[in-house]
Amino acid sequence: MLGHRTLNVDDYLGILKRRGWMIAIPAVLLTLVGFALTFIVPPRYVSQTLILVEQQKVPDDYVRPVVVEDITARLASMKEQILSRSRLQPIIERFNLYSTKKMQMDERIEETRKNIDIKPIHSEMARTGGLPGFFISFQDSDPHTAQMVCGEIASLFVTANLNARAQTVEGTTEFLKSQLADAKRSLDDQDSKLAAFQAKYLGQLPGDESQNMNMLTSMNTQLDASTQALSRMEQDRTYIQAMISQQQSMAPASGEHGAAAPGAQQIELQNLQNEESDLTRRYTDDYPDVVAVRRKIKDLRAQIAAAPAPAASASSGTVSSAPNRNDTPAVQQLRAQLRALDQGIQSKRHEQGVISSQVRMYQARISSSPGVLEQYKTLTRDYQTAQAFYDDLLKKMNQSKMATDLEKRQQGEQFSVMDQPNLPDTPVFPKRGVFVGAGFMAGLILGVLFVAWREYRDTAMRSERDIWAFTKLPTLAVISFSGAIPEIPVAARRRWGWLKRKETFQADKPLANAGGSSNV
Amino acid sequence: MSRIYEALQKAESERKVERTEREPRPEERPETEHAPASVVVEYERPLSQVSDSADDLRVEEDRFETSGGLNLRAVKRCAWTPSIQRLPSLLERGPAVEQFRSLRSRVFEARDIKPIKSILVSSGLPQEGKSFVSANLAVSLARHKNSKVLLIDGDMRRYTLHELLGAESHPGLADYLSGKASLEDVMQRPSENTNFPDIERQVLSNLTFIPGGNGGDKAADLSGNSRFADLLRIAAPHFDWIIVDSSPVIPVSDGVNLARSCDGVLLVARSGVTKYTVAQRAAAELRAANVLGFVLNAVHEDLGAGSYYNYNADKE
């Protein structure tokens, strides 16, 4: 009647009473089956070991560890490595695992992988972001094999961790070494470039500007002084020449008038030449004053050339400083003074040229200093970058060396086997209680499902509620079955109630409530 | 409790009957004139007490046999050997007695709503206990104040009521309906010389039985015959109750035909066997009739009647 009308508690109790055996029998049978299975199924033993992750013994502030990857990730990586064929195959061959099952090596490796369990410890005591350790367990039908394989895997983990850390720190150091060499090469290159630049632009470098300005000022002062001295010396020379000309004119000689004029022209020419030299020092050849002076000199020379020979000879004797036999001692003395003055003038002019070139040089330095400064800054910036990179690498290199040394001395983070793998004395599978309980539950569920199915299929009416629900007619009386057979004891009727139900349909044995087998 | 309840019910019904007798309806007047005074007893007397008074019994017999157009003296007496196992309501006490007494009370209640004398007992399919219920109901009614009960085996195809009573099966209803026999011919009453216990003899003496007879394939036609209505009409004045056992209504139409002439219909459902679809169809087939309700038969659950009965028995 299940599903055909709303059932109440009494209905369910009635169903349970009527079909309880359908639930009880499978429950009992499957419980027994579960119990029997615990003897049939091959047992599984689990050996387990605990590996603790020991922290670095030197504080991180002093030596920063090179391996900073999360232990969980490293554990996963190591697990993949250890569960690889190359690592497992030797273990399988050594302990002859699963040899009795006629399995291929791939299947044996797969089976071994299934039976290895690596379980991290998630403890409240664990440090932030890390693991205090992990369990390694191995499952096998033989407890001794399970213990030995578990120990082997634990040692593999410890070794793999050490190797991984050593490889990491050594690899880091080697890498930093190569990087440091490159950085040093780059720094040297920058250094040489800077030195060449400094050599090339010596005196023009940033910081030399004030010195150049001072020098330029000083040179200008010197030039002025030299120019003044030269001018004075030339005046003196003109005066001496005039004195010589005077002395010679006072000497008895013909054609004094003719000689005077050329002498004046010579002096004028000399002055014009001095003026030219003075102008050419300051101005270019195209400067109008220079051009005018040169034109005057040219005209004057043309006049002198046009003058009579005595005049020429007289003038040559007047302006020349060379000693003449006819000269008087006074003239000779004047001539000596004149010669000294000429030498002084030449010296001063040379000095003036030198100073002028130096002034030009300093002026050029000052004018080119901005461009030099830009190039210098570029060079120094590259140099500083290379230097900083080099310094950084050097620092890292030192840290890496320390970390490598830390690992070599086994002072860094490492795995330590806390408990040796245990020898299991009781199998983890099959658990008798679980099997019995599961069998009982399965039987119960099966029985309930079977009863539910039977009740759903059974549309027979059994109570007044059924009759009212489906026909809306009252039930006038309920006639019990067993009460009509007084000769059968009550206890027996209860015990064999299900047999009696079957008898109701037997044609040769009429029942009280049926009114006879042939009744319609 | 049930006896007190029944006594109250009885008193109420008697008041109604007295009222009806004082103001008889025209069509019922002849019947009430011929009707035996079967309701004069205030309560159901213990059968042992009733059996002690042989004179009272004879007076009752005379009234029973000589009234109406039916000559009950002509009814043959046969040696019945009722099966106690299949007629448990014949017992002095027991759960079945109480259960059928309860059914009887419900029938009395139904009669309070609408006058009922003839009740057809049917079901949807065979083997649901129609004959068992009808026979035991008849016995139970017969025990009540010496009510006169006519039990008719209306199943003319597979008639079995005679087996329960241990009576003869011929001639029966089929013979009457086909006109081969008179009403007195097909009726049976238990022989007075039968060696019954007093209790059973007293009860059975109130019972008149018409077996099914062999209707065969003509049963459907015979059941549709108006002679059945005549039978009820003729017999009604002589009996307090007429119980008609019928064939199932789903496979054959006999029961539906007979139900038209009856005042009420009781449907029998066998617990754990009768499908609700069958019950619905049976009720639908009899929708033209006055279906009083269902009798749930052969219930396996312990109804508690046995322990209560046993408790009383111990006290007695």
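Residues numbered from 1 in each chain as written. Chains lettered and ligands numbered in written order. Predicted model: local features only at pLDDT ≥ 70, side-chain atom pairs only at ≥ 80, totals over all residues. Heavy atoms only, no water.

This paragraph deals with the environment of I304 of chain A. All names here are of chain A. Position of I304 relative to the elements: it lies in helix α8 (residues 288-306). Under the relative-accessibility criterion, I304 is labelled buried at 16%. When neighbours within four sequence positions are excluded, I304 is seen to be in contact with Q265, Q266 and L269. (Helix = DSSP H or I, 4+ residues; strand = E, 2+ residues; numbered from the N terminus. Buried < 20%, exposed > 50% of the residue type's maximum accessible area, 1.4 Å probe, protein only. Contact = heavy atoms within 4.5 Å.)

Below, the discussion takes up the confidence of the model for chain A. Residue and element names in this part refer to chain A. Confidence in the prediction of chain A, expressed as mean pLDDT, is 81, and 84% of residues score 70 or more. Predicted confidence in chain A is weakest over helix α13 (residues 490-495), with a mean pLDDT of 39, and strongest over helix α11 (residues 432-457), with 94. Note that residues 483-512 has pLDDT below 50 and, in this model, 36 contacts with residues that lie over four places away or in other chains. (pLDDT = per-residue confidence, 0-100.)

As a further point, take the packing of helix α1 (residues 9-40) of chain A against α11 of chain A. When two helices pack together, their arrangement is captured by the angle between the axes and the distance separating the axes. All names here are of chain A. The interhelical angle for the contact between α1 and α11, taken along N-to-C directions, is 150°, at an axis separation of 7 Å. Classified by the angle between their axes, α1 and α11 sit roughly antiparallel to one another. Where α1 crosses over α11, the handedness of that crossing is right-handed. Class assignment of the residues belonging to the contact of α1 with α11 gives a composition of 18 nonpolar, six polar and five charged. (Axes fitted to C-alpha atoms, helices over the stretch in contact; angles between N-to-C directions. Parallel < 35°, antiparallel > 145°, perpendicular 65-115°, else oblique. Left-handed = near helix turned anticlockwise from the far one by under 90°. Nonpolar A, V, L, I, M, F, W, Y, C, P; charged D, E, K, R; others polar.)

It is worth spelling out the sheet that holds strand β3 (residues 133-140) of chain A at this point. Residues and elements named next belong to chain A. Read from one edge of the open sheet, four strands run β2-β3-β1-β4, paired in antiparallel fashion. Whereas interior strands pair on both sides, the edge strands pair on one side only; in this sheet they are β2 (116-120) and β4 (414-419). Here the strands of the sheet are splayed against their neighbours by 25° on average, with no regard to which way each runs. In terms of strand pairing, strand β1 (residues 45-54) meets β4 through five bridges, oriented antiparallel. The partner of L52 across the bridge, within β4, is S416. Here helix α4 (residues 105-115) sits on the sheet in contact with β2 and β3, set at roughly 30° to β2. (Pairing = 2+ DSSP bridges.)

A complete count under the given rule lists 12 aromatic pairs over all chains for this structure. Arranged with centres 5.6 Å apart and planes meeting at 65°, the rings of F429 of chain A and F435 of chain A form a pair that is edge-to-face. Classification of F435 of chain A as buried rests on a relative accessible area of 17%. Ring pairing ties together the aromatic residues F134, F157 and F415 of chain A, which thus form one cluster. Here the guanidinium or amino end of R227 of chain B rests over the ring plane of Y176 of chain B, the centre of that ring lying 4.3 Å away. (Phe/Tyr/Trp six-rings, centres within 6.5 Å; stacked < 30°, edge-to-face > 60°. Lys NZ or Arg CZ within 6 Å of the ring centre and 35° of its normal.)

Residues and elements named next belong to chain A. Tallying each qualifying case throughout the model produces 26 salt bridges over all chains. With its nearest N and O atoms 2.2 Å apart, the salt bridge here joins D106 to R85. Taken together, the positions of D106 in helix α4 and R85 in helix α3 (residues 85-95) put the pair 21 residues apart, joining distant regions of the chain. (Salt bridge = Lys/Arg side-chain N within 4 Å of Asp/Glu carboxyl O.)

Residues and elements named next belong to chain A. Over its 26 residues, α11 runs 37 Å from end to end, which matches the ideal 38 Å to within 8%, given 1.5 Å per residue. Where α11 is concerned, the buried positions are F435, G439, G443, G447, V451 and E455. Buried residues along α11 sit in contact with α1. (Expected span 1.5 Å × (residues − 1).)

Residue and element names in this part refer to chain A. Looking at where F157 falls in the secondary structure, it is placed in helix α5 (residues 143-200). With relative accessibility at 0%, the residue F157 sits in the buried group. Remark: the alpha-carbon pair of F157 and L75, spanning 82 residues in sequence, is separated by 8.8 Å. The contacts of F157, once residues within four sequence positions are left out, are I51, L75, M78, K79, I82, I118, F134, I136 and F415.

Residues and elements named next belong to chain A. The geometry of α5 relative to helix α10 (residues 329-408) is characterised by a closest axis approach of 8 Å and an angle of 160° between their N-to-C directions. With respect to α10, the axis of α5 lies roughly antiparallel. In the crossing of α5 with α10, the sense of the turn from one axis to the other is left-handed. A class-by-class count of the residues in the contact of α5 with α10 yields 18 nonpolar, 11 polar and 11 charged.

This paragraph deals with the pairing of β1 of chain A. When β1 of chain A meets β3 of chain A, the two strands line up antiparallel, connected through eight bridges. What sits directly across from Y45 of chain A, in β3 of chain A, is D140 of chain A.

Moving on: the confidence of the model for chain B. All names here are of chain B. Chain-level pLDDT for chain B is 79 on average; 73% of the residues reach the 70-or-more range. Here residues 63-68 scores under 50 on pLDDT; set against residues more than four positions off or in separate chains, the count is 19 contacts. Across the whole predicted complex the pTM is 0.54, and at the interface the ipTM reaches 0.78.

Our focus in this paragraph is the pairing of strand β6 (residues 241-245) of chain B. All names here are of chain B. Of all five residues making up β6, five are buried, and the element is well covered by its neighbours. With burial as the criterion, each face of β6 is covered, one bearing W241, I243 and D245 and the other bearing I242 and V244. The sheet contact formed by strand β2 (residues 118-123) and β6 spans four bridges and is parallel. Bridging across to β6, I119 finds its partner in I243. Bridge count for strand β3 (residues 149-153) against β6 is five bridges, and the pairing is parallel.

This next bit is on unusual backbone geometry. A cis amide bond links F429 of chain A to the next residue, P430 of chain A, at an omega of 0°. Following the sequence through the fold, P430 of chain A ends up in the loop between β4 and α11. Here H170 of chain B and P171 of chain B are connected by a cis peptide whose omega angle stands at -15°. Positive phi, normally seen in glycine, also occurs at N96 of chain A, with a value near 55°. By the secondary structure assignment, N96 of chain A is in the loop between α3 and α4. Under the relative-accessibility criterion, N96 of chain A is labelled partly exposed at 46%. Look at A298 of chain B: it is not a glycine, yet its phi comes out positive at around 60°. Along the chain, the position of A298 of chain B falls in strand β8 (residues 291-299). Assessed through its relative accessible area of 1%, A298 of chain B is described here as buried.

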